[in-house]
Amino acid sequence: MEFYDITEDTKAYPGEYLFHKVRKEIVLCGAFIPAENKIRALANGSMMEDKISNFQKIKLTKKEHKERKASRCKGCVEK
């Protein structure tokens, strides 16, 4: 897992997981507002707002992505 800074070329999208450098935890992006230089995110069940420079995007390798992906319930599949 790698972290990289959010620049003018890269954007954060609502629903995307980001790393918050100050809290040192992974948060869920709620709103990306470049005009105000802010990101609103959900952290530990509460909304927070901070400067874009305090967040980093997360990059997973294909292997890590496959390991973290949850499988669906197989209960409704006919056998």
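Right above here is the structure, for reference.
These lines cover the structure that appears in this document, whether it is placed above or below. All of these numbers come straight from a predicted model, not from anything done at the bench.

1. What to know about a nonpolar patch on the surface
Together, M1, F3, Y17, I26 and L60 make up an exposed nonpolar region whose accessible area comes to about 460 Å². Here M1 is to be found in the segment before β1 (2–5). For M1, a relative accessible area of 38% translates into the label partly exposed.

2. A short note on the nonpolar core
Formed by I6, A12, L18, V27, C29, F32, I39, A41, A43, M48, I52 and F55, the largest nonpolar core amounts to 12 residues. Listed by contribution, the elements that provide at least two residues to this core are β3 (25–33) and β4 (38–43). Look past the residues within four positions of V27 in its chain and what remains in contact with it is E16, Y17, L18, H20, A41, L42, A43, M48 and F55.

3. Structural notes on the pairing of β4
Burial along β4 is one-sided: I39, A41 and A43 are buried, while K38, R40 and L42, pointing the other way, are not. Both β3 and β4 contribute to a ladder of five bridges, which runs antiparallel. For A31, the partnering residue across the bridge sits in β4 and is R40. Linking β3 to β4, which pair antiparallel, is a turn of four residues; within it N37 sits at a positive phi near 60°. Strand direction decides the pairing type here: β4 and strand β5 (residues 46–51), joined by six bridges, are antiparallel. Paired with A43 across the strands is S46, a residue of β5. The hairpin turn running from β4 into β5, its antiparallel successor, is two residues long, and N44 in that turn takes a positive phi close to 55°.

About the thresholds
- Residues numbered from 1 in each chain as written.
- Predicted model: local features only at pLDDT ≥ 70, side-chain atom pairs only at ≥ 80, totals over all residues.
- Heavy atoms only, no water.
- Patch = residues over 30% accessible without salt bridge, like charges linked within 9 Å, V, L, I, M, F, W, Y side chains within 5 Å.
- Areas by Shrake-Rupley, 256 points an atom, 1.4 Å probe, with all protein chains shown as cover.
- Salt bridge = Lys/Arg side-chain N within 4 Å of Asp/Glu carboxyl O.
- Helix = DSSP H or I, 4+ residues; strand = E, 2+ residues; numbered from the N terminus.
- Buried < 20%, exposed > 50% of the residue type's maximum accessible area, 1.4 Å probe, protein only.
- Core = buried A, V, L, I, M, F, W, Y, C linked by side-chain atoms within 4.5 Å.
- Contact = heavy atoms within 4.5 Å.
- Pairing = 2+ DSSP bridges.

Any functional reading would require information that these geometric values do not contain.
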